[in-house]
Amino acid sequence: MVVLANPPVVDQIPLLRSPGPRDTFSGVPVVDLSSPAAARAIVDACERFGFFKVVNHGVPAATMGRAESEAVRFFAQAQADKDRAGPAYPFGYGSKRIGLNGDMGWLEYLLLAVDSASLSDACPVPSTAAFRSALNEYVAAVRKVAVRVLEAMAEGLGIADAAALSSMVTGAGGDQVFRVNHYPPCPALQGLGCSATGFGEHTDPQLISVLRSNGTSGLQIALRDGAQWVSVPSDRDAFFVNVGDSLQVLTNGRFKSVKHRVVTNSLKSRVSFIYFAGPALEQRIVPLPELLAEGEESLYKEFTWGEYKKAAYKTRLGDNRLAQFEKRSI
Ligand SMILES: C=C1C[C@]23C[C@@]1(O)CC[C@H]2[C@@]12CC[C@H](O)[C@@](C)(C(=O)O1)[C@H]2[C@@H]3C(=O)O
Ligand SMILES: O=C(O)CCC(=O)C(=O)O
Ligand SMILES: [Fe+2]
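Every chain's residues receive numbers from 1 upward, in the order its sequence appears when written. A letter from A marks each chain and a number from 1 marks each ligand, given out in the order of writing. Confidence filtering applies because this is a predicted model: local features only for residues at pLDDT of at least 70, side-chain atom pairs given and counted only at 80 or more, and all residues used for totals across whole chains, interfaces and linings. The basis for every side-chain value is the complete set of non-hydrogen atoms in the structure, without hydrogens or water.

Draft legend 1. View of the sheet that holds strand β1 (residues 15–17). Spatial ordering of the open sheet is given by β1-β8-β13-β10-β11, a layout of five strands whose pairing is antiparallel. Where the open sheet ends on each side, the last strands, each with one partner, are β1 and β11 (228–231). Along the sheet, successive strands turn relative to each other by an average axial angle of 45°, direction set aside. The pairing criterion for strands is at least two bridges between them, as found by DSSP. Only DSSP runs of H or I reaching four residues or more are called helices, and only runs of E reaching two or more are called strands; each is numbered from the N terminus. Where β1 lies against strand β8 (residues 194–202), three bridges are found, and the strand directions are antiparallel. Among the inter-strand pairings, Leu 15 is bridged to a residue of β8, identified as Ala 196. In this description, a line fitted to the C-alpha atoms serves as the axis of each element, helices being fitted only across the stretch in contact, and the angle between N-to-C directions of two axes falls anywhere from 0 to 180 degrees.

What follows is the structure in structure tokens.
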């Protein structure tokens, strides 16, 4: 057991074994979005890992850099000023508490609603014009990347309608959420062989999530059905895409939603942006007919995104949210 002489303020945050160099995963699939081979590569990556990195996406480095600098400026404010942008639910600033069911992480964040291609006017956070406009520019750009990824995915899956997946997100009522996470360094744990949990293990409930972070590592994904955790080398110029639970169902389990988590760094802060592409609340989440072989049945009970989201928000972060919708355990 590790006994700390001066227990730091991480006492309510679960600790994880610090990742070592051997935990770094060199096999993350890389998809060149400008290549005609992207569609096939995306499907292959989704089948093998539910996770891949996207390069040649066309988003200017300045768009990412401006959003990052503004986020750093926001999180550098005094705690009382940040708290004025809270609470996190339904949308706004939050610190350490994730969700409403007792999960804790060594982070602070902004949870924001997206309407069409920009932050929702109904949510006044963030309030400064410079931060808002930087995030709006970023959201418009990352949403285009998500659409291109979903179109290429449909093509790779052999679906005649190239917009079969992307239109679920861009159509009326598409449920898009944007999150800015800041993981401060946790120097108190340096050299102790353990790190604070930044964001505990989970799968994302939506179709896909598109993530970009600064140069600080910390993201880990689970391989071999959760038997092994590996660190994803950070790349500030790329996007990382997670398959979410809804896409797992739409593909009848052909793609698996990827379990992932974030481990804090003892010396460097991590800033990440995640765009969650979800469908309209009334969208039925059932396997796409083109993906079912003759006589093949859905592995899942039928539900709408609204029903899934409501059920998901009653669960703890690490719960298997899809289990209650499986016809039988798979
Ligand atoms: C513990 C929770 C946080 C979460 C809602 C939930 O009850 C279960 C799903 C969690 C998650 C994970 C992906 C995204 O970060 C998120 C915004 C989402 O849609 O589902 C979070 C939710 C959250 O932070 O509120
Ligand atoms: O901050 C990150 O890098 C990932 C966070 C995450 O998985 C999430 O917000 O759902
Ligand atoms: Fe996530």
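This is not the end of the story, as more comes after the structure.
Draft legend 2. Quick peek at the coordination of the iron ion (ligand 3). Protein coordination of the iron ion (ligand 3) is provided by His 202 (NE2), Asp 204 (OD) and His 260 (NE2), with donor distances spanning 2.1 to 2.2 Å. Donor residues for the iron ion (ligand 3), ordered by position in the chain, follow H-x1-D-x55-H. The two residues His 202 and Asp 204 agree in class, both being buried. In this listing, donors mean N, O and S atoms no farther than 2.8 Å from the metal, or 3.2 Å for Na, K and Ca; water is missing from the atoms, so a site can look incomplete. Burial classification: accessible surface area is computed with a 1.4 Å probe over protein chains only, and a residue below 20% of its type maximum counts as buried, one above 50% as exposed, and the rest as partly exposed.

Draft legend 3. Expanded view of helix α4 (residues 129–156). Helix span, as expected, comes to 1.5 Å for every residue beyond the first. Here α4 is 28 residues long and its end C-alpha atoms lie 40 Å apart, about the 40 Å a rise of 1.5 Å per residue gives. After α4 finishes, the residue Gly 158 shows a positive phi value of roughly 80°.

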